[in-house]
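# Chains, contacts and geometry: an overview
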Amino acid sequence: DIGPIGPDRNWKGVGISLLVIVVVLSFIGLSIVLLSKGSSGNLCGSPLTLDDLFQSNFHIHDPGAKWISTEEIIFRSWDGDVFKANVYSNETELLLKNTIFATFKATKFAVSPDKNFVLLGYDVQQ
């Protein structure tokens, strides 16, 4: 009588490891299907192109807002006009039109404390 040759296999551990491998591979396959270009699972619309990045929707608007008193703020609108706004009364006053910025190719501005003068900065370099 010779007896068993080799160690016994842990079939429960082998089954669990095979199940884990199948689950991981199915997740990888599912992600490939959902993220592929031609899939109908694209819920966001058309893919982003390089031309889309140069549209005005993707430009950052920095209003350059500055407090000039405890209740007034000066800011530049999306159109380029400079406004003074009172935060308590919610009134705005136009200080400078955007055509001035276009004429002098100005990129920065500063308003005097008495709000009678505006300093324009152009060709600003570091």
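Nothing here was measured: the structure is a model prediction, and the numbers come from that model.

Cut-off values and rules
Residues numbered from 1 in each chain as written. Predicted model: local features only at pLDDT ≥ 70, side-chain atom pairs only at ≥ 80, totals over all residues. Heavy atoms only, no water. 1 Å grid on protein atoms, 1.4 Å probe; cavity = no way out; pocket = protein on both sides within 12 Å on 5 of 7 lines; lining within 4 Å. Points joined across faces, edges and corners; volume = space filled by probe spheres on them. Helix = DSSP H or I, 4+ residues; strand = E, 2+ residues; numbered from the N terminus. Contact = heavy atoms within 4.5 Å. Buried < 20%, exposed > 50% of the residue type's maximum accessible area, 1.4 Å probe, protein only. Polar contact = N/O pair within 3.5 Å; in protein donor to acceptor, adjacent residues only side chain to side chain. Phe/Tyr/Trp six-rings, centres within 6.5 Å; stacked < 30°, edge-to-face > 60°. Lys NZ or Arg CZ within 6 Å of the ring centre and 35° of its normal. Salt bridge = Lys/Arg side-chain N within 4 Å of Asp/Glu carboxyl O. Core = buried A, V, L, I, M, F, W, Y, C linked by side-chain atoms within 4.5 Å.

### Re the layout of surface pockets
Its boundaries defined by the atoms lining it, the largest pocket holds a volume of some 190 Å³. As for the largest pocket, its lining consists of 13 residues, of which Asp62, Pro63, Arg76, Thr107 and Phe109 are closest to the centre. In terms of residue count, strand 5 (residues 106–111) provides more of the lining of the largest pocket than any other element does, three residues in total.

### Regarding the environment of Trp67
Topologically, Trp67 is positioned in strand 1 (residues 66–67). C-alpha separation for the pair Trp67 and Ala85, spaced 18 residues apart in sequence, amounts to 9.7 Å. If sequence neighbours within four positions are ignored, Trp67 has contacts with Glu72, Ile73 and Val87.

### Regarding the side chain of Ser112
By the element assignment, Ser112 lies in the loop between strand 5 and strand 6 (118–122). Judged by its relative accessible area of 17%, Ser112 falls in the buried class. A polar contact of 3.3 Å, which involves the side chain of Ser112, links it to the backbone nitrogen of Asn116.

### Points about the packing of aromatic side chains
On inspection of all chains with the given rule, the structure shows two aromatic pairs. With 6.1 Å between their ring centres and 80° between their planes, Phe101 and Phe109 make a pair best called edge-to-face. Lying over the aromatic face of Phe109, Lys66 brings its terminal NZ or CZ to 4.3 Å of the ring centre. Between the NZ or CZ atom of Arg76 and the centre of the ring of Phe101, over which it lies, the distance is 3.7 Å.

### Concerning the pattern of salt bridges
Tallied over the full model, the rule gives two salt bridges. The partner of Glu72 in a salt bridge is Lys84, with the nearest N and O atoms 3.6 Å apart. A residue pair is termed long-range when its members are at least 10 positions apart, and Glu72 in strand 2 (residues 72–76) and Lys84 in strand 3 (residues 82–86) qualify at 12 residues. Judged by relative accessible area, Lys84 falls into the buried class, the value being 14%. Notably, a salt bridge pairs Glu93 with Lys84, separated by 3.1 Å at the nearest N-O pair. Each member of the salt-bridge network shares a partner with another, and the members are Glu72, Lys84 and Glu93.

### Side note on the nonpolar core
Membership of the largest hydrophobic core is limited to six residues, which are Ile74, Val82, Leu96, Phe101, Ala106 and Phe109. Not counting the four nearest positions on each side in its chain, Leu96 is found in contact with Asp81, Val82, Phe101, Val118 and Leu120.

Nothing here speaks to function; it is geometry throughout.
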